[in-house]
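# A closer look at the structure
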Amino acid sequence: MTAFVANAGSTNGGKMKRCAIYARYSTDKQDVQSIETQLMMCRREVIRAGWQEVLCFTDAAESAATMHRPGMKALLAAIAAGRVDIVYADAMDRLSRSQADIATLFDSLRFRGILLATRKEGIVTPLHIGMIGTINAEQLSATSDKTRDALVRRHAMGKNPGGSAYGYEKRIELDGNGERIRGLQQIVPNEAAVVVRIFEDYAAGLSPIAITRRLNADSVPSPRSGKASRHPLGKAAAWTPNTLTGNAARGTGILNNPLYVGRRPYGKQTYRKNPETGKRHAFLNPEDKRSDDVASPALGIVPVELWDRVKSRQATLARSAKPRTETTSLPFFAQQRPRYLLTGKMTCGSCGASYAKSGKTRFGCQGAAKKGPTWCDNRLTIRQDDLDTRVLAGLASEMLRDDVVAAFLLEYEAESRRLTAETVSARPEREAELGNLDDQISRAKAAILKGVDAMVFVDEMKIWTERRKVLLAELELAEQEITETVSPEPGLLTPDLGRVYRKKVEQLTAAFEDEALKAQAFERLRALIEAVVLTPEDGDLAIDLRGELASMLSLCAGAETQKASAVVTEEVLQIKMVAGTGFEPVTFRL
């Protein structure tokens, strides 16, 4: 550690370097004290190096396969905001085990002049990224392969390789050494009776929706009712038609699980993480990648004759499969251009379920339709085109209320002052960094003139040049801010700004009447509205529009100029500057 401290230095222009510490462990099966241990060891080295810890980020039970972790996202936000000079961790694999992600993080830090260091590797260099990044990625891949192989072997032995389906639970049994035997299951009698009931009702001709509503009406606990509820309104989990039908091709859903007739399948699908979102997606495996079903007669719940009747009915109702590619794993509304402004954004205020098509032109609560009145008694429907019209008209009037206009003016003034102060205070640091960059570029040019191969400096020169451009632009902006602070523009925060605001808001609905702007305004406004909540009140639906007022104002600000000119006026820029940063999400009752 001593060697790299000497190279790194502990000050920057007389100021202590600001250090952000990051710690992580992978699964909830690991010791929760792992993070505290990492932090303790890292803090010792940070103090020894003479740095100042200003931020600390952690991720508990989070995989390093992607960067989509709460603590890592917060760290990246701090880096983008320029709040740190050093990022420090116990080892590179704590930051990421993905070769691409660790390289991207390193390049991003180097571009901003931020040092990346770890207790294990010291100051991280391109050599570390290439070698250790590859090793970490290979270790992650090897661990995944070993885990899959172990699960395949467990399945071949007739044991459970995954979680327990509805109707089953773990069976605790010890071997000769007192160790628990993994993969044993047993039937849960009361849940098994529900499974048989579902099969009998379906074979008798009841639809999945009818079966679901009966189960909910009888207060039968659903498969997820014992888990912590993630429902926005705190409702307990309930039966849904998809719980029964699932996906026949993948073998999901209660009506498609062959374990209920004593056959244990494995390997029909595999999961891969989307590198852009960090979420897992299921993909069907080809036939040669699947394991043969293993007989488990002791776990049979449904008679074979009843199973066959259900499969026969499913075959008669099955629709011809549409050709799909693996990448078409998007929800329905994401695959089609929305016909109405609020398609896919409506929810029921009583139960939190979505409002979707319940007729040719009307939308209704899907919780009430599919789960029954015991879940939600909201049977009111609404025409989608009427809803769009009411939202547009109501939005404009709500945004012109005196208190909303006053909030805009106050926020504009506060944000303007904050940005000016921030820009001016950062000027000395930018000037010092610019001077250092000029010295580095001059030394590199001198070395090239003395005969050093210019290719040695190609990458560094690109980074220095781009960073120099950014610094010059920021200094120019700071100079403008200083001038405006000394001699403020007359009338900047006068009632005239309120007039501008009102004018822009009034153009909100006008954009939808102009065919040249309607398509663009449609897409932009959809992106700004977070949700529309429809709540029954006195026999009618009250409409609550939720979104960010700031973003809505930026749409208003740009509507007038989009058709007239590609040049954005100073007036519009001023409104957009404040709109993008200052307002909390709001709810309008329309």
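Here is what the cut-offs are and how they apply
- Residues numbered from 1 in each chain as written.
- Predicted model: local features only at pLDDT ≥ 70, side-chain atom pairs only at ≥ 80, totals over all residues.
- Heavy atoms only, no water.
- Buried < 20%, exposed > 50% of the residue type's maximum accessible area, 1.4 Å probe, protein only.
- Helix = DSSP H or I, 4+ residues; strand = E, 2+ residues; numbered from the N terminus.
- Arc of directions from axis to C-beta.
- Contact = heavy atoms within 4.5 Å.
- Polar contact = N/O pair within 3.5 Å; in protein donor to acceptor, adjacent residues only side chain to side chain.
- Phe/Tyr/Trp six-rings, centres within 6.5 Å; stacked < 30°, edge-to-face > 60°.
- Axes fitted to C-alpha atoms, helices over the stretch in contact; angles between N-to-C directions.
- Parallel < 35°, antiparallel > 145°, perpendicular 65-115°, else oblique.
- Left-handed = near helix turned anticlockwise from the far one by under 90°.
- Pairing = 2+ DSSP bridges.
- Disulfide = S-S within 2.5 Å.

## Comments concerning helix α3 (residues 70–80)
The complete set of buried residues in α3 reads G71, M72, L75, A78 and I79. Along the long axis of α3, the arc covered by the buried residues comes to 120 degrees, so they all point the same way. Those residues of α3 that are exposed and angled more than 90 degrees off the buried face are P70 and A80. Of the surrounding secondary structure, the elements contacted by the buried residues of α3 are β3 (18–24), β4 (52–59), β5 (86–89), α4 (92–95) and α5 (99–111). Where α3 terminates, the next one or two residues include G82, which has phi positive at roughly 70 degrees.

## Overview of the environment of N216
Along the chain, N216 turns up in helix α8 (residues 208–217). Of the residues examined, N216 reaches a relative accessible area of 11% and is grouped as buried. Sequence-wise, N216 and G372 are 156 residues apart; in three dimensions their C-alpha atoms are separated by 7.1 Å. Excluding residues that lie within four positions of it along the chain, N216 makes contacts with A238, W239, K371 and T374. From its side chain, N216 meets the backbone oxygen of K371 in a polar contact 3.1 Å long.

## Regarding the packing of aromatic side chains
Summed over all chains, the structure comprises five aromatic pairs. On the basis of an interplanar angle of 10 degrees and a centroid distance of 5.9 Å, the ring pair of Y168 and Y260 is categorised as stacked. Highlighted residues: Y168 in strand β8 (residues 168–170) and Y260 in the loop between α9 (241–245) and β10 (263–266), separated in sequence by 92 residues. Using a relative accessible area of 1% as the deciding quantity, one classes Y260 as buried. On the basis of an interplanar angle of 80 degrees and a centroid distance of 6.1 Å, the ring pair of F199 and Y260 is categorised as edge-to-face. In this pair, F199 sits in helix α7 (residues 189–203) while Y260 sits in the loop between α9 and β10, placing the two residues 61 residues apart along the sequence. In this pair, the class of F199 matches that of Y260, namely buried.

## Notes on the packing of α7 against helix α10 (residues 304–317)
Where α7 contacts α10, the two axes come as close as 9 Å, and the packing angle between them is 45 degrees. In terms of their interaxial angle, α7 and α10 are classed as oblique. Our pair here, α7 against α10, has a crossing hand that is left-handed. Each of V196, F199, E200, Y202 and A203 in α7 lies in contact with α10, whose residues at this interface are L306, W307, R309, V310, R313, Q314 and L317.

## Some points on the side chain of S296
Assignment of secondary structure puts S296 in the loop between β13 (291–295) and α10. Taking the relative accessible area as the measure of exposure, S296 reaches 7% and is therefore buried. Once residues lying within four places of it in the same chain are set aside, the contact partners of S296 are G158, L259, G262 and R264.

## Points about the sheet that holds β5
Strands sit in the order β4-β3-β5-β6-β7 across an open sheet of five strands; the sheet is mixed. Of all strands in the sheet, those bounded by a partner on one side alone are β4 and β7 (122–123). Sheet topology places β5 next to strand β6 (residues 115–118); four bridges connect them, and they run parallel. Bridging from a neighbouring strand, V87 pairs with L116 of β6. Strands β3, β4 and β5 of the sheet are contacted by helix α2 (residues 34–49), whose axis makes an angle of about 155 degrees with β3.

## Some words on the sheet that holds strand β15 (residues 355–357)
In a beta sheet, neighbouring strands pair by backbone hydrogen bonds and run either parallel or antiparallel. Judged by pairing direction, the sheet is antiparallel, and its three strands sit side by side in the order β15-β16-β17 without closing on themselves. Either end of the sheet is taken by a strand with one partner, and the two such strands are β15 and β17 (382–383). As judged from the two bridges shared by strand β16 (residues 362–365) and β17, these two strands associate in the antiparallel manner. Bridging from a neighbouring strand, R362 pairs with R383 of β17.

## Details of the pairing of β3
In the case of a regular strand, side chains alternate between the two sheet surfaces. In terms of burial, β3 is a largely internal element, six of the seven residues being buried. Here β3 pairs with β4 via seven bridges, running parallel. Bridging from a neighbouring strand, I21 pairs with C56 of β4. Looking at chain direction, β3 and β5 are connected through four bridges and run parallel. Paired with C19 across the bridge in β5 is I86.

## A short note on the state of the cysteines
Following the criterion strictly, the structure yields zero disulfides and no others. Sulfur of C365: no disulfide; nearest cysteine sulfur belongs to C351 and is 3.5 Å away. Relative accessible area serves as the criterion here: at 5%, C365 is assigned to the buried category.

## Details of unusual backbone geometry
With a phi close to 55 degrees, A61 is a non-glycine residue in the positive phi region. Along the chain, A61 turns up in the loop between β4 and α3. One non-glycine residue, S219, adopts positive backbone phi at about 60 degrees. If you trace the backbone, S219 turns up in the loop between α8 and α9. Using a relative accessible area of 62% as the deciding quantity, one classes S219 as exposed.

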